[in-house]
Protein chains: 2
Amino acid sequence: MQDQTPALAPAAFPAPARNPREVLLFGLTPPRADTTPERITEIAERTLARVDALPIDALVIYDITDETDRNPQPRPFPFVEMLDPATYLCDGLTGWDKPAVVYRYVGKYDPDELRGWLQSAPDNVMTVFVGSSSSDAPARTTLSQAVQIHHETRPGLPLGGVTIPERHIGRGDEHERLLRKQRGGSQFFISQIVYDIGAAKNLASDYRYAAHDSHIDAAPLVFSLSLCGSAKTLSFLEWLGVEVPQWVRNEILHTEDPLDWSRQQALGAARELADFCRYLGIPFGFNVESVSSRRVEIEAAVALTHEIAELLERD
Amino acid sequence: MQDQTPALAPAAFPAPARNPREVLLFGLTPPRADTTPERITEIAERTLARVDALPIDALVIYDITDETDRNPQPRPFPFVEMLDPATYLCDGLTGWDKPAVVYRYVGKYDPDELRGWLQSAPDNVMTVFVGSSSSDAPARTTLSQAVQIHHETRPGLPLGGVTIPERHIGRGDEHERLLRKQRGGSQFFISQIVYDIGAAKNLASDYRYAAHDSHIDAAPLVFSLSLCGSAKTLSFLEWLGVEVPQWVRNEILHTEDPLDWSRQQALGAARELADFCRYLGIPFGFNVESVSSRRVEIEAAVALTHEIAELLERD
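Residues numbered from 1 in each chain as written. Chains lettered and ligands numbered in written order. Predicted model: local features only at pLDDT ≥ 70, side-chain atom pairs only at ≥ 80, totals over all residues. Heavy atoms only, no water.

(A) Looking closely at the overall build of chain A. Per the secondary structure count, chain A includes 11 helices and eight strands. In terms of overall dimensions, chain A is globule-like: its C-alpha atoms have a radius of gyration of 18 Å, near the 20 Å expected for 315 residues. Here the analysis covers contacts within chain A between residues at least 6 apart in sequence; of these, 79% occur between residues at least 24 apart. Surface accessibility of chain A: about 13500 Å² in total, with carbon and sulfur atoms responsible for 48%. (Helix = DSSP H or I, 4+ residues; strand = E, 2+ residues; numbered from the N terminus. Rg over C-alpha atoms; globule rule 2.2 N^0.38 Å. Contact = heavy atoms within 4.5 Å. Areas by Shrake-Rupley, 256 points an atom, 1.4 Å probe, with all protein chains shown as cover.)

As C-alpha cells, this is what we get:
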C-alpha cells in the first residue's frame, strides 16, 4: 500500500479497502417511476438487505433513459420510466450511509434543475455525468455545460465520467478523452459494461502512458462487469451496445448453465484486469451490476461481488 | 485422455505426448540460400543441439518468400533468399529423425516440381501448403491445384493448412474456411503468429461449433507463438501483418526487459488457449518460433517451448 488516499474521492470515503487504490462498487437500477411509496420502501429494504453486507465502497445508482435514439432496433426488454436515482437514494435507500454514485444523464435536466440538485445533495453523494447517447438527441444541458455548473456550484462533490473501452478499438483516442475529462474535473471513470478484456487492457495501457507523459496522476478506472445468464440477457446487452466477443456469445448460447459460466468468466476478467492494472501501477476498480432483473441473476451478481472482494483482499 | 490417436497425423507420430490431442511444435527458418555446405552443416548441428532435447512432436521449417507483394512498406529486416526447407531438412538436419512439417508457398513451384517433391519426400515429412500472400501475385501453382496434386500423388503424406485468427475479426468466416480446407484434405492447421488471444478464442469457438454442426471432427488448431524482445522485432512482426494489441506494443516499448516480459505473456497466452481448447474439447497445440535471428531471442523461444511443454504435462 504505497498510497493511503482513497481512490475515488478522498473526502467521501471511509477507506474500507485494504488498498485504497482499488475500488469496489455495486450498481443498481431504481424501481419504476410508477411504483407506490409503500412498494418503494419494500424494494429498498430488500435491496439494502442484499447490499448492506457487501464489502463495497459505494453503491452506483443509474439514471435510465430510453436509448432508442441510439438504437433503432426493438428493445428486448420493454422500456419503462424509472425513478430518479437521487430521489430513490433519498426517499428509498434511507438506510444507506456509505457513499453513493448517482448517475446523471445531463441532457434530461434543465441547467437550473442540475444546479439545484448539486446544491442540495447529501454529503455521501458522488456523481457521474453522462452526455447524450447520440449527437442528434436534443439535450437540455450539454455535458460541458453540466461540468461548468458543477464547477461553479459544488466542485467539492466528487465528479466522475464514463468511458467506453470498445470505442478505443476503432478510434484509439479514448485515453485522450479521459485526460480531457480529467482536466475538466473528473476524478474517476466508470466504464460501460466490459466483455472485451483486450479492449479494456488497451485503454488502461494507453491511458497510463499518456497520463505519465502529461504529468497527470491516473484517475481510477472502474470496470463495469455484468453477468449474462440467458439468451435474452445477451440480446439486451447487445442492444445496449456492449461488445460481447463471439466466444462468449457461443458459450452463453450453448453451455448448460450460462449464468454459472458467465460468473466464472467475469471473475476471470476481474483477475486479469486487476493483475494488469496493478502491474501498470494505476488505481482501478470494479462495478458489478445486473442488467437483468431476474432474481437469480441479481443474486449471482452479489456472489460475484464477494468473489471480486476476495480478489481485492477485502472479504 | 479420451482418445489415443495422435493429433496431427496418426502414422507420422511416435506419440511422445501424454495427451496426443495436444501438439507441440518448434518453428525454424532455413539458412540463407548462399550459405556454403560446410556452414550449413555447422548451423544445422547447432540447431539440432538446441532442438534435439525439446519435448516436441515435430519441427516446422518455413518456406520464406519476399512478401513485398503484400506489403509495400520497407522491410525492417532485409530480405534474403533462403534455402529450400525440404533441402535444408534432407541435407542439413540429417540427424533429425522425428517428424518435420515442411512449409510450401505453392505459388513458387511448378506443378511438376511440387509433384516430384511429394513423391520423393521422406516418411517423416508432413507439409503445410500456403497460398499466395496477395491475390495479385502470379502463382505458378494455385492452392487448389496443389491440393489436387497432393491428392493424386501422395495423399498419405499428412497435409496441413494455415489459418489467420485475426482475419476472423472483420470477416467472421475463418472457421468456414477451415472446414472447406478440411474437406479438401487438410488434417491440421497452423496459425500465423497470434498475439490477439481474443481473436484466437473466437476462431476456436466458432470452429468447434461449426464442426459439430457439420458432423466433422475438429482438426488440431496449432497456435503459433513468438517472442518480441525489441522495438525492431515488433516492427518486423507488424510488417508481417501480425496484429499486436496496443497494450502489448506499449509494454514492448516501455518495459525494462521486453524479452522476459514477452515470454511471460506468451506463456500466459498458451495457458489461456490451452484451458479454452480443453474446455471446448478440441485438439490443439502450439508452435513456438522466433522471428528474430538474435541469439537471445532464439534461446528464449527454446525456454518458452520447455515452459509450454510443462503446461502440456510433457517436461
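Additional details are given in the paragraphs that follow.
(B) Spatial organisation of the sheet that holds strand S1 (residues 22-28) of chain B. Residues and elements named next belong to chain B. In space, the eight strands of this closed barrel follow the order S1-S2-S3-S4-S5-S6-S7-S8, with parallel pairing throughout. Between one strand axis and the next, the sheet turns through 30 degrees on average, direction left out of account. Bridging between strand S5 (residues 159-163) and strand S6 (residues 188-193) involves four bridges; their strand directions are parallel. Looking across to S6, one finds that Val-162 is bridged to Ile-190. (Pairing = 2+ DSSP bridges. Axes fitted to C-alpha atoms, helices over the stretch in contact; angles between N-to-C directions.)

(C) Representation of the environment of Ser-144 of chain A. Residues and elements named next belong to chain A. With respect to the element layout, Ser-144 can be found in helix H4 (residues 143-153). Overall, the relative accessible area of 57% leaves Ser-144 in the exposed class. Linking Ser-144 and Lys-181, residues 37 residues apart in sequence, is a C-alpha distance of 9.5 Å. (Buried < 20%, exposed > 50% of the residue type's maximum accessible area, 1.4 Å probe, protein only.)

(D) Region of the structure containing the pattern of salt bridges. Residues and elements named next belong to chain A. Within the structure shown, the criterion is met by 37 salt bridges over all chains. Where Arg-39 meets Glu-42, a salt bridge forms, and the shortest distance between an N and an O atom there is 3.0 Å. Of this pair, Arg-39 and Glu-42 both sit in helix H1 (residues 37-51), separated by three residues, roughly a single helical turn. (Salt bridge = Lys/Arg side-chain N within 4 Å of Asp/Glu carboxyl O.)

(E) Spatial organisation of the sheet that holds strand S6 (residues 188-193) of chain A. Residues and elements named next belong to chain A. If you walk around this closed barrel you meet the eight strands as S1-S2-S3-S4-S5-S6-S7-S8, and the pairing is parallel. Neighbouring strand axes in the sheet, compared pairwise and without regard to direction, differ in orientation by 30 degrees on average. Examined bridge by bridge, S6 and strand S7 (residues 221-226) share three bridges and lie parallel to one another. Paired with Ile-190 across the strands is Val-222, a residue of S7.

(F) Layout of the pairing of strand S4 (residues 125-130) of chain B. Residue and element names in this part refer to chain B. S4 sits mainly inside the fold: six of its six residues count as buried. Of the two faces of S4, the one carrying Val-125, Thr-127 and Phe-129 and the one carrying Met-126, Val-128 and Val-130 are both buried. Strand direction decides the pairing type here: strand S3 (residues 100-105) and S4, joined by six bridges, are parallel. Considered in S4, the bridge of Val-101 is made with Met-126. Running through helix H3 (residues 111-120), the crossover from S3 to the neighbouring parallel element S4 is right-handed. Looking at chain direction, S4 and S5 are connected through three bridges and run parallel. Paired with Val-128 across the strands is Gly-160, a residue of S5. (Right-handed = clockwise from strand over helix to strand, strands pointing away.)

(G) Spatial organisation of the relation of the copies chain A and chain B. Under the fitted operation, chain A is carried onto chain B by 0.0 Å of movement along the axis and a turn of 180 degrees, and the coordinates agree to an RMSD of 0.0 Å. Seen this way, the second copy is the image of the first under a two-fold rotation axis. Taking the C-alpha atom as reference, chain A places Gly-198 of chain A closest to the rotation axis, 3.5 Å from it. A symmetric contact is evident, with 100% of the interface residues of chain A recurring at the interface of chain B. (Least-squares fit on C-alpha atoms with pLDDT ≥ 70 in both.)

(H) View of the side chain of Ser-230 of chain A. Residue and element names in this part refer to chain A. Its location among the elements puts Ser-230 in the loop between S7 and helix H8 (231-239). Looking at Ser-230, its side chain comes within polar contact range of the main-chain nitrogen of Thr-233, at 3.1 Å. Those residues in contact with Ser-230, other than ones at most four positions away along the chain, are Ile-252, Arg-294 and Glu-297. (Polar contact = N/O pair within 3.5 Å; in protein donor to acceptor, adjacent residues only side chain to side chain.)

(I) How the structure looks around helix H2 (residues 85-92) of chain A. Residues and elements named next belong to chain A. Along H2, the residues that are buried comprise Pro-85, Ala-86, Tyr-88, Leu-89 and Gly-92. Residues of H2 that are buried sit in contact with H1, strand S2 (58-61), strand S3 (100-105), helix H3 (111-120) and strand S4 (125-130). The opening residue of H2, the one whose side-chain oxygen lies 2.8 Å from the backbone nitrogen of Ala-86, is Asp-84.

(J) Expanded view of unusual backbone geometry. In the Ramachandran plot, His-215 of chain A falls in the positive-phi region, its phi being about 55 degrees despite a non-glycine side chain. Take His-215 of chain A: it is sitting in the loop between helix H7 (197-213) and S7. In this structure, Glu-313 of chain B is a non-glycine residue whose phi angle is positive, near 55 degrees. Tracing the backbone shows Glu-313 of chain B in the segment after helix H11 (295-311).

(K) View of the interface of chain A and chain B. The partner chain B presents 18 residues to the 18 residues of chain A that form the contact. Summing both sides of the interface, chain A and chain B together bury roughly 1500 Å²; the carbon and sulfur share of this comes to 49%. The interface formed by chain A and chain B contains zero salt bridges. Linking chain A with chain B are 18 residue pairs in polar contact (both at pLDDT 80 or more). For the side of chain A that touches chain B, the secondary structure elements donating two or more residues are H7, helix H9 (246-254) and helix H10 (258-280) of chain A. (Buried area = accessible area lost by both parts, 1.4 Å probe.)

(L) The side chain of Arg-104 of chain B, seen in detail. Residues and elements named next belong to chain B. Here Arg-104 lies in strand S3. Take Arg-104: its relative accessible area is 4%, and that puts it in the buried class. Residue contacts for Arg-104: discarding those within four places in its chain leaves Asp-63, Asp-84, Pro-85, Ala-86, Tyr-109, Leu-114, Trp-117, Thr-127, Val-128, Phe-129 and Val-130.

(M) Structural context of the packing of aromatic side chains. Going through the model one piece at a time under the given rule, you end up with 16 aromatic pairs over all chains. On the basis of an interplanar angle of 10 degrees and a centroid distance of 6.3 Å, the ring pair of Phe-236 of chain A and Trp-239 of chain A is categorised as stacked. Pair noted here: Phe-236 of chain A and Trp-239 of chain A are both in helix H8, with a separation of three residues, about one helical turn. With a relative accessible area of 9%, Phe-236 of chain A lands in the buried category. Look at Trp-239 of chain A and you get buried, because its relative accessible area is 6%. Between Tyr-62 of chain B and Tyr-103 of chain B the ring centres are 5.0 Å apart and the planes differ by 70 degrees, which places this aromatic pair in the edge-to-face class. Residue Tyr-62 of chain B is located in the loop between strand S2 (58-61) and helix H2 (85-92), and its partner Tyr-103 of chain B is located in strand S3; the two are separated by 41 residues in the primary sequence. (Phe/Tyr/Trp six-rings, centres within 6.5 Å; stacked < 30°, edge-to-face > 60°.)

(N) Structural detail: the packing of helix H9 (residues 246-254) of chain B against helix H10 (residues 258-280) of chain B. All names here are of chain B. For the pair H9 and H10, interaxial distance at closest approach is 8 Å and the crossing angle is 150 degrees. It follows from the interaxial angle that H9 and H10 lie roughly antiparallel. Here H9 and H10 pass one another in a crossing that is right-handed. Note on element contacts: H10 touches H9 through Pro-258, Trp-261, Ser-262 and Gln-265, opposite Trp-247, Val-248, Glu-251 and Ile-252. (Parallel < 35°, antiparallel > 145°, perpendicular 65-115°, else oblique. Left-handed = near helix turned anticlockwise from the far one by under 90°.)

(O) Layout of the environment of Tyr-209 of chain B. Residues and elements named next belong to chain B. In this fold, Tyr-209 is placed in helix H7 (residues 197-213). Assessed through its relative accessible area of 12%, Tyr-209 is described here as buried. Residues Tyr-209 and Leu-280 lie 71 residues apart in sequence; the distance between their C-alpha atoms is 9.1 Å.

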